[in-house]
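Descriptive structure summary
Here's the letter readout for the chains.
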Amino acid sequence: MQYLKWKNDNEYDGSQINPSWAFQEFGVKDSTIVSWIGPMNILGDNLIDYEDVGLDIKGDKMLHFIVEHFDEQPGNLKLAYHRQRMLVMITRDKLLNYGIKTTQDGDDIFINDRKLSVSIATASISSMKIHFALNITTEGTPSDVNTSALDDECMTLSEIEQLQDEIAKTYIETIDTIMCDITKTKVF
């Protein structure tokens, strides 16, 4: 699995959740976690969560992660959601290292009952995908959602970029150790 950084200020519009996006964007033939800082404005055609139809899913500045796994075909939606929750828990652990206490409800992270994250998992015939993002600012977030942001917690851009690397690297290490455990375990 490879960790790639996309140019900051690119907008997440939902099209990046499409299968093989990292291959098309970067030419990488591997499972990937791609991260960048930028706005989010998901267009109607790119909404994949039935509960979000008709809602504004946007923010002016967010820390994004796009994960794609090719280790099962067709992609396994249940496994994609398990991995999504694992990414959420890794993020919560890393935020705690910065003194930021959070709570979790499903795939959502909250600070003082205010929503910090957005996320979705999906599967295709060829892969499993996750989009996960944290608000850096509450500017541009939907007015009908009580949101929180990393800058509310006084995180500097340098700290956010360090957090970005820590989350991605820990996710990869966790996946790698699971694969190693599978290869060394006797099965019956």
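So, a few notes on the structure that sits alongside this text. (Residues numbered from 1 in each chain as written. Predicted model: local features only at pLDDT ≥ 70, side-chain atom pairs only at ≥ 80, totals over all residues. Heavy atoms only, no water.)

Secondary structure assignment for the protein yields three helices and eight strands. Here the C-alpha radius of gyration of the protein, 16 Å, is about what a compact globule of 188 residues would show, namely 16 Å. Taking the principal axes of its C-alpha atoms as reference, the protein extends roughly 50 × 40 × 30 Å. Of all 188 residues assigned to the protein, the portion counted as buried reaches 44%. Excluding contacts between residues fewer than 6 apart, the proportion of contacts in the protein whose partners are at least 24 apart in sequence is 71%. Here the protein displays about 9,800 Å² of accessible surface, and carbon together with sulfur accounts for 49% of that area. (Helix = DSSP H or I, 4+ residues; strand = E, 2+ residues; numbered from the N terminus. Rg over C-alpha atoms; globule rule 2.2 N^0.38 Å. Buried < 20%, exposed > 50% of the residue type's maximum accessible area, 1.4 Å probe, protein only. Contact = heavy atoms within 4.5 Å. Areas by Shrake-Rupley, 256 points an atom, 1.4 Å probe, with all protein chains shown as cover.)

Here we come to the sheet that holds strand 4 (residues 103-105). Reading across from one edge, 4-5-6 is the order of the three strands in this open sheet, with antiparallel pairing throughout. The open sheet has two edge strands with one neighbour each: strand 4 and strand 6 (114-115). Contacting strand 4 and strand 5 (108-111), helix 2 (residues 77-97) crosses the sheet at an angle of about 170° to strand 4. (Pairing = 2+ DSSP bridges. Axes fitted to C-alpha atoms, helices over the stretch in contact; angles between N-to-C directions.)

So, about the pairing of strand 1 (residues 2-5). Bridge count between strand 1 and strand 2 (residues 32-41): four bridges; the pairing is parallel. Residue pairing across strands places leucine 4 opposite valine 34, the latter belonging to strand 2. Viewed along the sheet, the connection from strand 1 through helix 1 (residues 21-26) into strand 2 turns out right-handed. (Right-handed = clockwise from strand over helix to strand, strands pointing away.)

Before going further, it helps to examine the nonpolar core. Counting 30 residues, the largest nonpolar core has Leu63, Phe132, Leu134, Leu150, Leu163 and Tyr171 as its most contacted members. Per-element accounting of this core gives the leading share, seven residues, to helix 3 (residues 157-184). Discounting residues that sit within four places of it in the chain, phenylalanine 132 has contacts with Leu63, His64, Phe65, Leu87, Val88, Thr91, Asp107, Ile109, Ser117, Val118 and Ser119. Membership of the second largest hydrophobic core comes to 17 residues, among which are Tyr12, Met40, Ile66 and Val118. (Core = buried A, V, L, I, M, F, W, Y, C linked by side-chain atoms within 4.5 Å.)

Side chains of Ile178, Met179 and Ile182 sit close together on the surface and give an oily, nonpolar patch of about 260 Å² of accessible area. Note that methionine 179 resides in helix 3. (Patch = residues over 30% accessible without salt bridge, like charges linked within 9 Å, V, L, I, M, F, W, Y side chains within 5 Å. Salt bridge = Lys/Arg side-chain N within 4 Å of Asp/Glu carboxyl O.)

Let's shift gears to the sheet that holds strand 7 (residues 117-123). As summarised here, the arrangement of the five strands in space is 1-2-3-8-7, forming an open sheet in which the pairing is mixed. Edge positions in the sheet fall to strand 1 and strand 7, since each has one partner strand and no second. On average, each strand axis in the sheet is inclined to that of its neighbour by 20°, with strand direction left out of account. Docked against the sheet, helix 2 engages strand 3 (58-69), strand 7 and strand 8 (128-135), running at close to 25° with respect to strand 8. Contacting strand 1, strand 2, strand 3 and strand 8, helix 3 runs over the sheet at an angle of about 20° to strand 3.

Moving on: the side chain of serine 35. Relative to the helices and strands, serine 35 resides in strand 2. Within the local environment of serine 35, its side chain forms a polar contact with the side chain of glutamine 164, the two groups lying 2.9 Å apart. Excluding residues that lie within four positions of it along the chain, serine 35 makes contacts with Tyr3, Leu4, Lys5, Trp6, Leu63, His64, Phe65 and Gln164. (Polar contact = N/O pair within 3.5 Å; in protein donor to acceptor, adjacent residues only side chain to side chain.)

Turning next to the pairing of strand 7. Burial within strand 7 is extensive, with five of its seven residues counted as buried. Of the strand pairs in this sheet, strand 7 and strand 8 are connected by seven bridges, and their pairing is antiparallel. Each bridged residue has a counterpart across the sheet, and for alanine 123 the counterpart in strand 8 is methionine 128. Linking strand 7 to strand 8, which pair antiparallel, is a turn of four residues.

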